[in-house]
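What follows is each chain in one-letter form.
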Amino acid sequence: MPSPSRRTVLATGPALGGTLLAGALPAQASATTPESDAPTRSDPWRTVLDDADLVWRRMPATWYEGPFLGNGFLGSGIYAEPGAGTRAVRFNVQHSEVQDHRPEFGSLFGLARLPIGHFTLEPVGTITGLDWRLGLRDAELTGTLTTDRGTLALRALVHNDRSVLAVEVTPSAGERGFRWVFHPAEAISPRAAFKPLPAGYRGNPPAEVAEHDGVSAAVQPLLAGGQHVTAWRERSTGRARTLYVHVAHSHPGTTALDRALKAVRRTSPLPYSALAVTHRAWWHAYYRKSFLSLPDARMQRFYWIQLYKTASAARRDAPVMATSGPWLEPTPWPNTWWNLNAQLEYWLIHGSNHLELDAITRSLSVFRDNLATETPAPYRADSLGIPRTTDPTLINGATDPLTGYGVGVPGQDPPTPEVGNLTWALHNVWLSYRHTMDESILRDVLHPLLRKAINYYLHFLEPGPDGKLHLPATFSPEYGGDSRDCNYDLMLLTWGCRTLLDSAEVLGIDDALAPRWREVLARRAAYPTDSNGFMIGADIPFAKSHRHYSHLLAVYPLYELTGRTADERALIERSLAHWVGFEGALQGYTFTGAASMSALLGKGEDALKYLGELMSRFVQPNTMYKESGPVIETPLSAAQSLHDMICQSWGGTIRVFPALPAAWADVTVHDFRTQGAFLVSAVREGGATRWVRLASEAGAPCVVRHGITGPVEVRDGRGRPLRYSDAGDGAIRIALRKGDAALITPRGTRPDLTIAPVRPNAEAPRWGLPAE
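Bear in mind that the values here come from a model prediction, so they are computed numbers and not experimental data.

Novice: Any chance you could explain the nonpolar core here in plain terms?
Specialist: Within soluble globular proteins, side chains that are nonpolar tend to cluster in buried spots. Within the largest apolar cluster, 214 residues are counted, with the highest numbers of intra-cluster contacts made by W132, W304, L364 and I744. Of the residues forming this core, the biggest block, 11 residues, is contributed by helix α11 (residues 439-458). Dropping the residues within four chain positions of it, I744 is found in contact with W691, V692, L694, V704, H706, I708, V712, E713, V714, I732 and I734. Of all hydrophobic cores here, the second largest spans 10 residues; its members include V229, A256, A260 and V264.

Novice: Before we go on, may I ask you to explain the layout of surface pockets in this structure?
Specialist: Any empty space left between atoms is shown by rolling a water-sized probe over those atoms. In this model, the largest pocket occupies a volume close to 890 Å³. Along the wall of the largest pocket there are 41 residues; nearest its centre are W430, S649, W650, G651 and Q675. Looking at the lining of the largest pocket, the elements that each hand over two or more residues are α7 (348-351), α10 (421-436), α12 (487-507), α17 (633-646), β28 (647-648) and β30 (667-674). A breakdown of the residues in the lining of the largest pocket according to their chemical character gives 16 nonpolar, 15 polar and 10 charged.

Novice: Explain the sheet that holds strand β35 (residues 724-728) here, please?
Specialist: Strand pairing in a sheet relies on backbone hydrogen bonds. The paired strands run either parallel or antiparallel. Pairing is mixed across the open sheet formed by 5 strands, whose spatial order is β28-β29-β33-β36-β35. Single-partner strands in this sheet number two, and they are β28 and β35. Examined bridge by bridge, strand β33 (residues 702-705) and strand β36 (residues 731-734) share 3 bridges and lie antiparallel to one another. When the bridges of β36 are listed, V704 appears paired with I732.

Novice: Could you clarify how one ought to interpret the sheet that holds strand β15 (residues 227-237) in this entry?
Specialist: Read across the sheet, 10 strands follow the order β13-β14-β15-β16-β11-β10-β9-β8-β3-β38 without closing on themselves; strand pairing throughout is mixed. Pairing within the sheet leaves two strands with one partner each, and these edge strands are β13 (208-212) and β38 (768-769). Sheet analysis places strand β3 (residues 54-56) next to strand β8 (residues 127-135), joined by 3 bridges and oriented antiparallel. Across the sheet, the residue bridging to W56 is W132, located in β8.

Novice: Help me out: how do you make sense of the pattern of salt bridges in this one?
Specialist: Opposite charge on two side chains makes pairing possible when the charged atoms of those side chains draw close. Applying the stated rule across the entire model yields 36 salt bridges. Put simply, E697 and R673 hold a salt bridge, and the shortest N to O gap is 2.8 Å. Within this pair, whereas E697 is found in the loop between β32 (688-696) and β33, its partner R673 is found in strand β30, the two being separated by 24 residues in sequence. Exposure remark for R673: the relative accessible area of 7% places this residue in the buried category. R750 serves as the salt-bridge partner of E713, at 3.2 Å between the closest nitrogen and oxygen. Here E713 is found in strand β34 (residues 712-715), whereas its partner R750 is found in the loop between β37 (741-746) and β38, with 37 residues between them in sequence. Given the relative accessible area of 45%, R750 is considered partly exposed.

Novice: What should I look at first to understand the packing of aromatic side chains in this one?
Specialist: In this description, an aromatic ring pair is defined by two values, namely the gap between the centres and the angle between the planes. According to the stated counting rule, one finds 38 aromatic pairs in the structure shown. Arranged with centres 5.4 Å apart and planes meeting at 70°, the rings of W45 and F291 form a pair that is edge-to-face. Placement of W45 in helix α1 (residues 44-52) and of F291 in strand β17 (residues 291-293) is noted, with a sequence separation of 246 residues between them. According to the relative accessible area criterion, F291 is buried, its value standing at 2%. When the centroid spacing of 5.8 Å and the interplanar angle of 40° are considered together, the rings of W283 and Y287 count as tilted. Here W283 pairs with Y287, and both are found in helix α4 (residues 272-287), just 4 residues apart, close to one helical turn. In this pair, the class of W283 matches that of Y287, namely buried.

Novice: When you look at the packing of α11 against helix α13 (residues 514-523) in this model, what are you seeing that I'm missing?
Specialist: Angle between the axes and distance between the axes: these two values describe a pair of packed helices. The geometry of α11 relative to α13 is characterised by a closest axis approach of 12 Å and an angle of 55° between their N-to-C directions. Considering their axes alone, α11 and α13 lie oblique with respect to each other. Read as a crossing pair, α11 and α13 show a hand that is left-handed. The residues of α13 that touch α11, namely those facing H447, R451, I454 and L458, are R516, W517 and V520.

Novice: In this structure, what is going on with empty space enclosed by the protein? I would like to understand it.
Specialist: Scanning the entire structure with this criterion turns up 4 cavities of 30 Å³ or more. In this structure, the largest cavity encloses a volume near 70 Å³. When grouped by side-chain class, the residues that make up the lining of the largest cavity number 7 nonpolar, 5 polar and 1 charged.

Novice: Would you mind going over the environment of P334 with me for this structure?
Specialist: Relative to the elements of secondary structure, P334 occurs in the loop between α5 (297-313) and β18 (336-337). Spatially, the C-alpha atoms of P334 and G629 are 9.5 Å apart, while their sequence positions differ by 295 residues. The contacts of P334, once residues within four sequence positions are left out, are L108, A112, R113, S189, P190 and R191.

Novice: Help me understand the packing of α11 against α12, please; the structure alone is not making it clear to me.
Specialist: Contact geometry of α11 with α12 gives a least axis separation of 9 Å together with a crossing angle of 140°. As judged from the angle between their axes, α11 and α12 are oblique. Pair α11 / α12 crosses with left-handed handedness. Residues E439, L442, R443, L446, H447, L450, R451, I454 and Y457 of α11 pack against D489, L492, L493, W495, G496, C497, T499, L500, S503, A504, V506 and L507 of α12. Split by residue class, the contact of α11 with α12 holds 13 nonpolar, 4 polar and 4 charged.

Novice: Could you clarify how one ought to interpret the environment of V445 in this entry?
Specialist: The residue V445 is located in helix α11 in this model. Relative accessible area serves as the criterion here: at 7%, V445 is assigned to the buried category. Note: C-alpha distance between V445 and G717 (272 residues apart in sequence) is 35 Å. Setting aside chain neighbours within four positions, we find V445 in contact with T361, S365, R368, V429 and S440.

Novice: Just checking my understanding: could you explain the side chain of E356 for this structure?
Specialist: With respect to the helices, strands and loops of the structure, E356 is situated in the loop between α7 and α8 (359-366). Polar side-chain contacts of E356 include one of 3.3 Å to the side chain of K289. The residues contacting E356, other than those within four sequence positions of it, are Y286, K289, R315 and R316.

Novice: Honestly, the environment of P463 in this entry has me stumped. Any pointers?
Specialist: Assignment of secondary structure puts P463 in strand β20 (residues 462-463). By relative accessible area, which is 56% here, P463 ends up exposed. In this structure the C-alpha to C-alpha distance between P463 and S641, which are 178 residues apart in sequence, comes to 39 Å. Residues in contact with P463, not counting those within four places in the same chain, are K468, L469 and R523.

Cut-offs applied
Residues numbered from 1 in each chain as written. Predicted model: local features only at pLDDT ≥ 70, side-chain atom pairs only at ≥ 80, totals over all residues. Heavy atoms only, no water. Core = buried A, V, L, I, M, F, W, Y, C linked by side-chain atoms within 4.5 Å. Buried < 20%, exposed > 50% of the residue type's maximum accessible area, 1.4 Å probe, protein only. Helix = DSSP H or I, 4+ residues; strand = E, 2+ residues; numbered from the N terminus. Contact = heavy atoms within 4.5 Å. 1 Å grid on protein atoms, 1.4 Å probe; cavity = no way out; pocket = protein on both sides within 12 Å on 5 of 7 lines; lining within 4 Å. Points joined across faces, edges and corners; volume = space filled by probe spheres on them. Nonpolar A, V, L, I, M, F, W, Y, C, P; charged D, E, K, R; others polar. Pairing = 2+ DSSP bridges. Salt bridge = Lys/Arg side-chain N within 4 Å of Asp/Glu carboxyl O. Phe/Tyr/Trp six-rings, centres within 6.5 Å; stacked < 30°, edge-to-face > 60°. Axes fitted to C-alpha atoms, helices over the stretch in contact; angles between N-to-C directions. Parallel < 35°, antiparallel > 145°, perpendicular 65-115°, else oblique. Left-handed = near helix turned anticlockwise from the far one by under 90°. Polar contact = N/O pair within 3.5 Å; in protein donor to acceptor, adjacent residues only side chain to side chain.

Have a look at this one:
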């Protein structure tokens, strides 16, 4: 990775002891300000982002190898046209809002996301080579396609605001006759390629392609009413020709055609360069909300690619990410999954300071009435649940395993009694609250929904002969079999009751159910364990290879059990070793979960080892991931595992650099968001933490395990000493009001408060297909 010739000091505060305090950038930092276009050598963000660009020296053959563009709604994956790899390049066109609307066939068929189609870029000659770069900083694909007749220089983006795919191609003389061709896809659930069709289900009729006063459009009618429309136009400016594409969806009305045509007509007069200006401005500001640099070059690049991928796939007002994000490829999972996938997809937004991407909180709030209709009828008055699979509006439709998995009933089967998924999803909402301390999230979303999710459990809890409260048989995601006192549910129930009591206290609510929640915490059955650690439940030991950590949620991500005592630590270690010790069914997110649990225990070497297993065994050339079809949660959760190694904030304590491997002697982090709404910046050099800065956005209690060896000094933004007290176990307590900041340094030192990339330990290949 290139190293800047001088280190850049990012100053927002006054001088402190002769140096400048490394502070947060303004919340509305714009890429059009002078600092955003500073020379690469003096801009740490530009340095790490340019270094992380993906490159291609040979043609990608699949979605797992190629470039990808998106804005949370419109997505395009780019690779060789299957069967015509030397004659055409495919630009997929997919959209996260495009779905069917036949709930009688369930979320996996009747409400499934629908494929839209793709364009082929067809040169005059035969493709002989390429040189492409996916520039993360600008969120653009640039490069050259070489044929035996000449060259095609291209630039492509999915515009952040206008939701238009724009591809500018500048041909050499021999390639002026290249063409674009649109290929509508069959509007049928992608699951049809993997599973038998439900009785009575059939695909939608073919798309109708026509010209509309200079704009082409493929209108896809839907049997349930409504349509989705792909509209496009090509415009020439000198030798360059630019393709503009927009997708619109409407149901039950047929307004999509008019909206798609208007979008293309409004955008196509703009040259590509003009579009790129506003597009780049959003992306430049996006990245500057946080910073992370590691001495592991490949891992650092991977991390920044995940931030690019997340912003390409997620927006607060977009649908909660389906298993493949906005890029729909053949998949048996053509909708949103709630027993792990959605939760893992959004964890990284908190530490990376990107709450603007939080679609889970918005969706659970906006579509809460649909959750009631998905809950078994006898319990709808006071309870809520979420099915394993839903469409973007949280509807599942039919509830048999062929078409979708509904909310089960404890003690009954069928349907599968999988009942904890809403509570787990609400843990993500709780994380958004804790990282912002925005009480409106607590008051309007978390408390009322969690209250009803826990109510569902309360209908079934019964005292046993031991005087403890027990759950009838429920299902631990993916293991197989139903068990009494299932750990997945007991652990979520415990976290839910504790969180309801805490939130009621914060909100000043005297809740009539509070005594019941306290009773559950005092009397619920112990988590079932045996000599190998946590069991699936009281009836089912953990005895076979299993990719999911549903039986370990109290350890991670709930942090209900953290190794406070020697016995508890031994139980976690034994359970973790037993879980990953069964080869056969382990998958990528097995290793991200194991990495984060190791980080909890402070085992940085183990965490890095597990992430290494993920990288070598599962992650694809463009950092995507597959299990039968494309699924994107695992690489995104690997970014969270890196967060867990760098900074943790569970249990009211911020832990800086809690689980670093020895090889990571130098680390820089800036504006890492933690629980309590703190922004943390810190630098580690030569294996020692040199300084830690905390900025408080909410005035929450501040306890920090800073990791600095020996006595420390704590000063405020004006360089004045701040009082602090010993909080035990290597932590200190600092009184910070909203808007205050504290700098922690070794006593008697004045370290360089610079945010800059660290030097890599070794060279590493770029992601993509960099070799000929």
